[in-house]
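Listed below are the residues making up each chain.
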Protein chains: 2
Amino acid sequence: MVAVSTLDTKGPETAYLAERIRQGGLEVLVVDCGVLGEPLGITPDISHESVAEAAGSTLGAVRSIGTRGAAVEIMARGLSRILVDLHADGRCGGVVALGGAEGAVMAAQAMQALPLGVPKLIVTPVAAGRRTFGPFVGLRDVMLMHSVVDILGLNSVSRAIFDNAAGAISGMARARAARPAEPGRERLVGITMLGNTTPAVMRIAAGLKAAGLTPLIFHSNGVGGPCMEEMIAQGRLVGVIDFTTNELTDELVGGIYAAGPDRLDAAARHGVPQVVVPGCADFFVAGPRESVPPQWRGRPQYHHN
Amino acid sequence: MVAVSTLDTKGPETAYLAERIRQGGLEVLVVDCGVLGEPLGITPDISHESVAEAAGSTLGAVRSIGTRGAAVEIMARGLSRILVDLHADGRCGGVVALGGAEGAVMAAQAMQALPLGVPKLIVTPVAAGRRTFGPFVGLRDVMLMHSVVDILGLNSVSRAIFDNAAGAISGMARARAARPAEPGRERLVGITMLGNTTPAVMRIAAGLKAAGLTPLIFHSNGVGGPCMEEMIAQGRLVGVIDFTTNELTDELVGGIYAAGPDRLDAAARHGVPQVVVPGCADFFVAGPRESVPPQWRGRPQYHHN
């Protein structure tokens, strides 16, 4: 298990969290990603110098780089390499991070380098309000917990939050360690779906199952399509039925389910058999009513919660 | 432990999740919030009829109400009452929900009726991309997990996600049940803070501690202020130092850290001693550069990640 934080400001809180995980019987390595100051009341297992060096830099260079964004980018890159290496060594049964606005984004970027299924939890006050999930979650199974109070101080409220976080990451790590091996004979076929295409996809899924294949269904909301394309690139799918291609329309006209210019490329690039159907390609998705671009306001609209 | 889902579409997945929780040694009550169809391959402990009735309605009335939003609102209200009652009876050591776009919002609204500290987990494909945390989290310690694939089908990918979800909610419930009682002599003083006011708040916090009080610090990002005001209304704070009142400026000029028109009212309304300081009241927070309202574009800007 790995616990990540900026220990110059969140040392005591991270020490408390790590201690709760240890009391539950699991080992935990503490990694410091703080840039400005020295660890407060805790000695990390992996220092901020080591994190900077894992990115091919030094802590001194990171401190003098000039912008916070650039410093965070380097530390996230170093942390990412450290997590990937620990995971390869079997020493990363899960990652939990305590972070403010920058610490949470830094930890999230690094966690996204770990494969699906490795437990990933971020506890932060910024997982609330008008913030979007995208920067934290990417294409992964990242879990976010709103800390309600700032991660600054141990009291009855913050201890309740940290105790739950320790329980969640420990419970996930134990569950994962206890999993029976998957049979491994599964042949996965990726399918994209939204509400409107659900009846059709249900019929397709039944047909695939009858043929001994396993349908793997992705929500084509600007994230599901790219998640599927990543699995295609990883060689995990034996075929693709790209039934719901609205992400292309969204990309073209500025909808919020846009998935970038590379959508629909992976199967051809990797030689995976693919059927493409223009399901839902006749609309795009906008945010609140007032955010519909002026040139589309005269078109028919359907309001969905 | 309570597991919530719309069992007309997510019956087998919910049955799998509940079984994994039971295999871990915890009891689980399954609640059906599905509106349209009957439970698929699972018999819930609390039926969708009971959920509609807990909201003072009937399933027939919900089905014929005309809009999906109105149906979801009634079911969320019924579920909320059921969760609050189960919690009062000591039968809700945590809540886990599997949901699509509507199911996740419905479960989230209901979970927000439970107090801080009661484990709350939502597993959904919509916790990603450009969706915002606000509707799911509200003012609570809700945990969101991106399911990567749609909650439709059991396969090696979805089982890995559901196994982690079962581990997380079970681990939290166990951690909470095993918590030592808080001493209870704590006298909490709420303080609002952002990065700019951190040095000042650190000094204040030290002074409060020296005086035998416990500072409880809230991030004034449009959610932290209202979280503090709710705790004031609940009688949990003996005093307030509202040091960082930018949420008022944001409300006034349309910033994204706006916290509604009632911000700053709770302490006066509930007779809690309060010091108000206009920290950070000289700026407001906007989203991406291009979203700054035209009338403010000539003002000095600071770009923060």
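Keep in mind that this is a model prediction, so the values were computed, not measured.

Chemist: Just checking my understanding: could you explain the overall build of chain A for this structure?
Modeler: Looking only at helices and strands, chain A has eleven helices and nine strands in total. Seen along its three principal axes, the alpha-carbon backbone of chain A occupies a region of about 60 × 50 × 40 Å. For chain A, the proportion of contacts with a sequence separation of at least 24, taken over those separated by at least 6, is 69%. Of the roughly 12400 Å² of accessible surface on chain A, 55% is carried by carbon and sulfur atoms.

Chemist: For this particular structure, what's the right way to read the domain arrangement of chain A?
Modeler: By a widespread convention, an interface's size corresponds to the accessible area lost as its parts come together. Residue and element names in this part refer to chain A. Entries for chain A in the domain assignment read domain 1 (2–177) and domain 2 (188–296). Averaged C-alpha coordinates put domain 1 and domain 2 at centres separated by 32 Å. Facing four residues of domain 1, the contacting portion of domain 2 comprises seven residues. When domain 1 packs against domain 2, close to 380 Å² is buried across both sides, 61% of that on carbon and sulfur atoms. Considering only the side of domain 1, the residues that lose the most area to domain 2 are Leu116, Leu139 and Arg140, jointly responsible for 92% of the buried surface there. Glutamate 230 is the partner of arginine 140 in a salt bridge, and the nearest nitrogen-oxygen pair spans 2.7 Å.

Chemist: Looking at this structure, how should I read helix α7 (residues 156–177) of chain B?
Modeler: An α-helix turns once every 3.6 residues. As a result, residues three or four positions apart point the same way. Residues and elements named next belong to chain B. Taking 1.5 Å as the rise per residue, α7 with 22 residues should run 32 Å; its terminal C-alpha atoms sit 31 Å apart, in good agreement. For α7, the buried fraction is high: 19 of the 22 residues fall into the buried class. A distance of 3.1 Å separates the backbone nitrogen of valine 157 from a side-chain oxygen at the start of α7, and that oxygen is part of asparagine 155.

Chemist: What exactly am I supposed to notice about the relation of the copies chain A and chain B here?
Modeler: There are two copies of the chain, and a rotation about an axis plus a shift along that axis relates them. Superposing chain A onto chain B takes a rotation of 180° plus a shift of 0.0 Å along the axis, which leaves an RMSD of 0.0 Å. What we have between these two chains is a two-fold relation. Residue by residue, 100% of the interface of chain A is reproduced at the interface of chain B, so both copies engage with the same surface.

Chemist: Would you mind showing me how to read unusual backbone geometry here?
Modeler: Note on backbone geometry: most residues besides glycine have negative phi, and most peptide bonds are trans. One non-glycine residue with positive phi stands out, namely valine 148 of chain A, at about 65°. Tracing the chain through its elements places valine 148 of chain A in the loop between β5 (143–146) and α7 (156–177). Judged by relative accessible area, valine 148 of chain A falls into the buried class, the value being 3%. One non-glycine residue, leucine 264 of chain B, lies in positive phi territory at about 90°. Structurally, leucine 264 of chain B is set in the loop between α10 (246–253) and α11 (266–270).

Chemist: Where do I start with the interface of chain A and chain B in this structure?
Modeler: In this complex, chain A contributes 71 residues to the contact, which on the side of chain B involves 71 residues. Surface buried jointly by chain A and chain B totals about 6100 Å² across both partners, of which 59% is contributed by carbon and sulfur atoms. If you look at where chain A meets chain B, you find four salt bridges. Of the charged contacts, one joins arginine 159 of chain B and glutamate 186 of chain A as a salt bridge, the two residues approaching to 3.7 Å between their closest N and O atoms. Here chain A and chain B share 21 residue pairs in polar contact (both at pLDDT 80 or more) between them.

Chemist: Looking at this structure, how should I read the pairing of strand β3 (residues 95–98) of chain B?
Modeler: Regular strands have side chains that alternate between both faces of the sheet. Residue and element names in this part refer to chain B. Burial along β3 is two-sided: the residues Val95 and Ala97 and Val96 and Leu98 are all buried. Relative to β3, strand β1 (residues 2–5) runs parallel, the two sharing three bridges. Bridge pairing links alanine 3 to valine 96 in β3. In this sheet, strand β4 (residues 120–124) lies alongside β3 in parallel orientation, the contact comprising four bridges. Residue pairing in the sheet places alanine 97 in a bridge with isoleucine 122 of β4. As a crossover connection, the stretch from β3 through helix α5 (residues 101–111) into β4 is right-handed.

Chemist: When you look at the pairing of strand β6 (residues 188–193) of chain A in this model, what are you seeing that I'm missing?
Modeler: Residue and element names in this part refer to chain A. The buried fraction of β6 is high, at six of six residues. Residues Leu188, Gly190 and Thr192 of β6 are buried on one face, and the alternating residues Val189, Ile191 and Met193, pointing to the opposite face, are buried as well. Pairing between β6 and strand β7 (residues 214–219): six bridges, direction parallel. By the bridge assignment for β7, isoleucine 191 is matched with isoleucine 217. With helix α8 (residues 198–210) bridging β6 and the parallel β7, this β-α-β connection has right-handed handedness. Pairing geometry for β6 and strand β8 (residues 239–244), over three bridges, is parallel. Following the sheet pairing, valine 189 is matched in β8 by glycine 239.

Chemist: Whenever I open this one, the pattern of salt bridges confuses me. Can you help?
Modeler: Summed over the entire model, instances satisfying the criterion amount to 26 salt bridges over all chains. A salt bridge links aspartate 163 of chain A to arginine 179 of chain B, with the nearest nitrogen and oxygen atoms 2.6 Å apart. A residue pair is termed interchain when its members come from two chains, as with aspartate 163 of chain A in helix α7 and arginine 179 of chain B in the loop between α7 and β6 (188–193). Both residues of the pair, aspartate 163 of chain A and arginine 179 of chain B, count as buried. Connected through salt bridges with shared partners, the residues Glu229, Asp242, Glu247 and Arg263 of chain A form a single ionic network.

Chemist: Help me out: how do you make sense of the packing of helix α1 (residues 7–23) of chain B against α7 of chain B in this one?
Modeler: Two quantities define a packed helix pair, namely the angle between the axes and the distance from one axis to the other. All names here are of chain B. In the contact formed by α1 and α7, the axes pass within 9 Å of each other and the chain directions differ by 45°. With respect to α7, the axis of α1 lies oblique. Regarding α1 and α7, the two cross each other, and that crossing is right-handed. On the side of α1, the interface is formed by Glu13, Tyr16, Leu17, Arg20 and Ile21, while α7 contributes Arg159, Phe162, Asp163, Ala165, Ala166, Ile169 and Ser170. Partitioned by chemical class, the residues of the contact of α1 with α7 number seven nonpolar, one polar and four charged.

What counts as what
Residues numbered from 1 in each chain as written. Chains lettered and ligands numbered in written order. Predicted model: local features only at pLDDT ≥ 70, side-chain atom pairs only at ≥ 80, totals over all residues. Heavy atoms only, no water. Helix = DSSP H or I, 4+ residues; strand = E, 2+ residues; numbered from the N terminus. Contact = heavy atoms within 4.5 Å. Areas by Shrake-Rupley, 256 points an atom, 1.4 Å probe, with all protein chains shown as cover. Domains from an automatic or database assignment. Buried area = accessible area lost by both parts, 1.4 Å probe. Salt bridge = Lys/Arg side-chain N within 4 Å of Asp/Glu carboxyl O. Expected span 1.5 Å × (residues − 1). Buried < 20%, exposed > 50% of the residue type's maximum accessible area, 1.4 Å probe, protein only. Polar contact = N/O pair within 3.5 Å; in protein donor to acceptor, adjacent residues only side chain to side chain. Least-squares fit on C-alpha atoms with pLDDT ≥ 70 in both. Pairing = 2+ DSSP bridges. Right-handed = clockwise from strand over helix to strand, strands pointing away. Axes fitted to C-alpha atoms, helices over the stretch in contact; angles between N-to-C directions. Parallel < 35°, antiparallel > 145°, perpendicular 65-115°, else oblique. Left-handed = near helix turned anticlockwise from the far one by under 90°. Nonpolar A, V, L, I, M, F, W, Y, C, P; charged D, E, K, R; others polar.

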